[in-house]
Each structure stands twice: as C-alpha cells, then as structure tokens.
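This is what each chain is made of:
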Amino acid sequence: MQTQQQFESSLRKQGLDAQAAAALASRGLELRLIPTPASADDIPADPTISEAFPELVAVADWFRSLARGFLDAEPDEKNLPSRYGASVARRNLGVFDADTAQPQLPVGTFGSFVTELTVPGEAVVPAFAITAVSVAATHRRRGIARQLMEGELRAAVAAGLPVAVLTVSESSIYQRYGFAPSASAATWVIDRKRAGFSAPATEGRVDYISREQFRELAPVLHERIRLTSPGEIIPTPMHWDRFAGLLPGGKNTEAQRFVQYRDAAGDVQGLIVYSLREHATDYSKTGLDVSLLMTATDDAYAAMWRYLFEHDLIGDITLELRSVDEPVRWMLADQRAATVTVVDHQYVRILDVAAALQSRTYGSAGRIVFDVTDPLGLGGGRFALDVNDAGRGVVTRGVADEPDVKLSTVELSALFIGGTSAQTLVSAGRLSASGIDVVSLVDAMFRTPTEPRLSFWY
Ligand SMILES: CC(C)(COP(=O)(O)OP(=O)(O)OC[C@H]1O[C@@H](n2cnc3c(N)ncnc32)[C@H](O)[C@@H]1OP(=O)(O)O)[C@@H](O)C(=O)NCCC(=O)NCCS
C-alpha cells in the first residue's frame, strides 16, 4: 500500500482536473489550486499577509470566502496568517469569477487531505477526505459544486485512493455523487440525577490536566485506539488544536476543562474535554457539555462516566458524536434518563470496489456477486467477493456469474464499514437480492458487532 505522503505527492503532481477546469472555463470561471505548504518545514516562522508572501494572500482570500459560504462572521484578520500553517499538505481549490466586484475572492472553495479510514478488522483504507465545500451565495445552483466534486473524485481515482469521505452540513447533498451516510452520530443528553448510574469499580485515578497537556496526550491516545473503531479517520493537528481550544478565534474556550484517567500502572487510558453551561435560574442544574470522551479500556470508560456522574451541581450531561450503541446505557438504572438523537455523520464513497472490499475483514465466509452501478461512472461493474474462513476477502472484477445483489455505489458504501444492514436496504427498496439467504449472508459478512463511529467534524 502507498503511504499517505505518496498519495499526497501523486495528487500534487496531477494538478487540476482538465475536464472540470474546461467546464468551468466555458462559463467564464477559472479553476485554480490554492498554494498550501507541502510540510511543516515550509511554514515561515512569522507569516504576514503581504505582497511579499502571495501564497498567504491567496490562502487568506480563500478562507474569507469559505467563512462567507458557511455563514460565519468575517474572519479576524490577525488569525488569518495561522491558516497557512493549518493547511499543510491540503489540496485546496478555488473557482474565480473575474467579473465580480472582488475578483480575488473565490466564488467556490473545495479542500481535501489524505487520511486513513478505519474499516472492520482493525484495518485501514487510504481515503480522500473532502472538506470546505462552498459556493458563494451569488453563484449557487449553476453546477460549480458538481464540477468541483466530479473533478476532485477523478483526481482521487487517478491518485489511486480507494475511497472518499466527508461530513456534511446538509444530508441532501451528497448521495447524488455516490456517497453514503455510513456511520451515524448520536447526541446523548442524560438527566444526571434521574439516571441511577452504576459501573464496575476501577483501580486507576482521574486528574485535571491543562489544555497543553491534553494537546500532547490526545493524538497519542487516538492513534492507539482508532483501529478499534470503524468509521474513524486521523484528526489533523488543526482538529486537535480545535479540541484543545488552541485554534485562534475558537469560541467559548475559556469554559473548557480537561481531565485524564490513568490506570494502576500510570498509563493514560482516557481523556475528556468538557465545558459547563450556566442554568438561567438554578445553579444546581448547570449543564455539562462533553466535546470529547476518548477511552482505550473498559476501565477508563467506566471511570470517566463515574467522574461525569459524580460531578455535583450538574443537571444534564450532554455528549455529541457518540455511538448509537453507547455502553453507558447499561450503566443506567433508568434508561429513559437518556435522550438519544441520531444523525448521519461519516459519509463514505467507494471509488475502487476491489481495493475497498479487500481492505477489511468479514464476519463470515462466503461468495457474493455484486452488480454495482456508479452514478459518476468511476468504479461500477460486476464483482465477486470471495471470503475465506479467516474472514479475508478477494475481489474479482468482471465475473460472468449472475449477480446475487444489485446496488449502487451508495448502498455498497453504506454496507462497507458495517453500520448498515442489507435487510434494511432491501426493505427500503435500495438493494435487490436474488433471495433472502443472500441478504442474510451479506449481513453475516458485513455487519460489525459495534456501530461504526467518527468522533469529530472535518
Ligand atoms: C452546497 C453547495 C456547495 C452547492 O453548491 P452549488 O454550486 O450551488 O451546487 P450545484 O449547482 O453544483 O448543484 C449540484 C447538485 O446539488 C444540488 N444541490 C445544490 N445545493 C444543494 C443543497 N443545499 N441541498 C440539496 N441539494 C443541493 C443541486 O440541485 C444539484 O443537483 P443535480 O446536479 O443532481 O441536479 C452550496 O449550496 C453551499 O455553499 N452551501 C453552503 C455551504 C455548505 O453547506 N456546503 C456543504 C458543506 S458539506
């Protein structure tokens, strides 16, 4: 398998997708790559936005436009130089309209970075992570986003990346390009006083840490545990700065608290970031909002929840981006003390069926022949997946057998990381199978014991 750096350099060498550039040019628009540093060594010590540093001028304009697209306030000028450093190894594109009143600001933005998606079997597949998709409100519904998406997915295919991933502002946008909502995110709101929490005793200890200590510990802990959670990708340094409240312009960071759990041997096995929300009238109903709970062991999980429940003066405990199937449910005497709201979160799009399906392991042996239609014509066809008794799969393209299952890239991408049942897709009219035993076999092969999950937005 190629390394992350090899994929990045392959994307860099390719430059722009000629088809997308030509389609946009025919509408009077220019597609450009925005300069980003290839590595941390390329970031100047004290970058300033000036004519002497045109790269930073372009990056700042790209971020100004992005902030507008996402309904944010104008970015604070003093924070913009740090954006250059936060763009290391990113592939950022801008679409420019020379006739606007501010022609230096792109009317379309599209960013990406190379990462790894965790798949079942404590394995990973290289992934093209898409971010910062925006089109100026003055230029929407003219096909700009479609050109950007199609062009960049072609670039990812040409670089050999087997899947693309993204998180979404609106659920209605991405299935048309072959993306599936593949991992859900649950928001848990727990009435602390009603819950009747109990959990096994633990031998380690819980301590407050500084945000700087958290910033050092968090990537190390995530790296240790990410393979156990299908759906995760690798957070970039910018994501960790955001969790730690160290990103310039971060909101409500002064209210953050950081806590670690160390096991009896003294090793850090759990981290929490939370902030407290004042109640309008009752101090003893202060809200506790957890932005990150990360644990490597069952002990750490129990100890961190005990810490949250034993926190006096707290009414509701709220956690976002948690699993639908959170073990804490079974630590509550009154399960109705928890209100759980589920949304689609991690979107996955298979680009190379064989490479994707061969990257994971399966829960059962068997052979399934799939007919896959691809809405963008990037990777469809007929494929046989043969899984041996060890759970390893081999994919053969273009087999002559009749298909057992007919589906599009969307449904295959939903099945891929184990969070969607084939039976559900059949009932929804989204997948057709030659028989009920085939559907059961697909579920026995693809479904995972734990729900896939992604712990952050990107
Ligand atoms: C979403 C956004 C990027 C779309 O840009 P756009 O250039 O107007 O999109 P296009 O004209 O290329 O439309 C492409 C397709 O998406 C559809 N579409 C566009 N915006 C949509 C939306 N907000 N919801 C649902 N569908 C949408 C179009 O109808 C079109 O469908 P079709 O090609 O199947 O007929 C733009 O509306 C935007 O910047 N929104 C605010 C920021 C945002 O939410 N970005 C997405 C981040 S995940």
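Residues numbered from 1 in each chain as written. Predicted model: local features only at pLDDT ≥ 70, side-chain atom pairs only at ≥ 80, totals over all residues. Heavy atoms only, no water.

Caption draft 1: Region of interest: the pattern of salt bridges. Going through the model one piece at a time under the given rule, you end up with 21 salt bridges. A salt bridge links Asp207 to Arg262; the nearest nitrogen and oxygen atoms lie 3.0 Å apart. Of this pair, Asp207 sits in strand β7 (residues 205-209) while Arg262 is found in strand β8 (residues 256-262), placing the two residues 55 residues apart along the sequence. Of the residues examined, Asp207 reaches a relative accessible area of 18% and is grouped as buried. Of the residues examined, Arg262 reaches a relative accessible area of 28% and is grouped as partly exposed. Here Arg322 ties to Glu326 by a salt bridge, and the two come within 3.1 Å at their closest N and O atoms. Owing to a relative accessible area of 6%, Arg322 belongs among the buried residues under this scheme. One salt-bridge network, in which partners are shared between bridges, spans Asp61, Arg64 and Glu77. (Salt bridge = Lys/Arg side-chain N within 4 Å of Asp/Glu carboxyl O. Helix = DSSP H or I, 4+ residues; strand = E, 2+ residues; numbered from the N terminus. Buried < 20%, exposed > 50% of the residue type's maximum accessible area, 1.4 Å probe, protein only.)

Caption draft 2: Layout of empty space enclosed by the protein. Scanning the entire structure with this criterion turns up one cavity of 30 Å³ or more. Here the largest cavity defines a volume of roughly 50 Å³. Lining the largest cavity are Val290, Ser291, Leu292, Leu293, Leu319, Glu320, Leu321, Arg322, Arg453 and Ser455. Put simply, the parts of the chain that give the lining of the largest cavity at least two residues each are β10 (286-295) and β11 (314-322). Broken down by class, the residue content of the lining of the largest cavity amounts to five nonpolar, two polar and three charged. (1 Å grid on protein atoms, 1.4 Å probe; cavity = no way out; pocket = protein on both sides within 12 Å on 5 of 7 lines; lining within 4 Å. Points joined across faces, edges and corners; volume = space filled by probe spheres on them. Nonpolar A, V, L, I, M, F, W, Y, C, P; charged D, E, K, R; others polar.)

Caption draft 3: Expanded view of the sheet that holds strand β2 (residues 91-97). The 12 strands lie next to each other as β1-β2-β3-β4-β5-β12-β6-β11-β10-β9-β8-β7, forming an open sheet whose pairing is mixed. Edge strands, defined here as strands with exactly one partner in the open sheet, are β1 (29-34) and β7. Adjacent strand axes in the sheet meet at a mean angle of 25 degrees, parallel and antiparallel pairs treated alike. Here strand β6 (residues 180-191) pairs with β11 via five bridges, running antiparallel. Across the sheet, Asp191 pairs through a bridge with Asp316, a residue of β11. This element, helix α8 (residues 237-244), spans β3 (108-119), β8, β9 (268-277) and β10 of the sheet and lies at about 105 degrees to β8. (Pairing = 2+ DSSP bridges. Axes fitted to C-alpha atoms, helices over the stretch in contact; angles between N-to-C directions. Contact = heavy atoms within 4.5 Å.)

Caption draft 4: Focus on the domain arrangement of the protein chain. With domains assigned, the protein chain is organised as domain 1 (4-161), domain 2 (186-343) and domain 3 (352-446). For domain 1 and domain 2, the distance between their C-alpha centres works out to 33 Å. Listed per partner, the contact involves 15 residues of domain 1 and 14 residues of domain 2. With both sides pooled, the region where domain 1 packs onto domain 2 buries about 1200 Å², and carbon together with sulfur makes up 60% of that total. Three residues stand out in domain 1 for area buried against domain 2, namely Glu116, Thr118 and Glu122, and they jointly supply 39% of the buried area on that side. With its nearest N and O atoms 3.0 Å apart, the salt bridge here joins Glu116 to Arg226. Summed over the shared surface of domain 1 and domain 2, the result is five residue pairs in polar contact (both at pLDDT 80 or more). (Domains from an automatic or database assignment. Buried area = accessible area lost by both parts, 1.4 Å probe. Polar contact = N/O pair within 3.5 Å; in protein donor to acceptor, adjacent residues only side chain to side chain.)

Caption draft 5: Spotlight on the side chain of Ser65. Along the polypeptide, Ser65 turns up in helix α3 (residues 54-69). When its relative accessible area of 7% is taken as the criterion, Ser65 is described as buried. If we skip the residues at most four places from it in the chain, Ser65 touches Pro106, Thr109 and Ser134.

Caption draft 6: Structural view of the nonpolar core. In this structure, Leu117, Ile130, Phe179, Phe214, Leu357, Phe370 and Phe416 are the most contacted members of the largest nonpolar core, which totals 88 residues. Considering every element that reaches this core, the biggest residue donor is strand β4 (residues 123-135), with eight residues. In terms of nonpolar packing, the next biggest core, distinct from the first, is built from 29 residues, Ala195, Leu293, Ala300 and Met331 among them. (Core = buried A, V, L, I, M, F, W, Y, C linked by side-chain atoms within 4.5 Å.)

Caption draft 7: Inspection of the site of the ligand at higher detail. Near the ligand you find 21 residues, and of these Val133, Arg141, Gly143, Ser169 and Glu170 are the closest. Here an oxygen atom of the ligand sits 3.3 Å away from a polar atom, N or O, in the side chain of Arg140. A distance of 3.2 Å separates an oxygen atom of the ligand from a polar atom in the backbone of Arg142. Out of a free accessible area of 880 Å², the ligand has 78% covered by protein chains. Of all elements in the fold, only β4 and α5 (144-159) reach the threshold of two or more residues within the shell around the ligand. (Near = heavy atom within 4 Å. Areas by Shrake-Rupley, 256 points an atom, 1.4 Å probe, with all protein chains shown as cover.)

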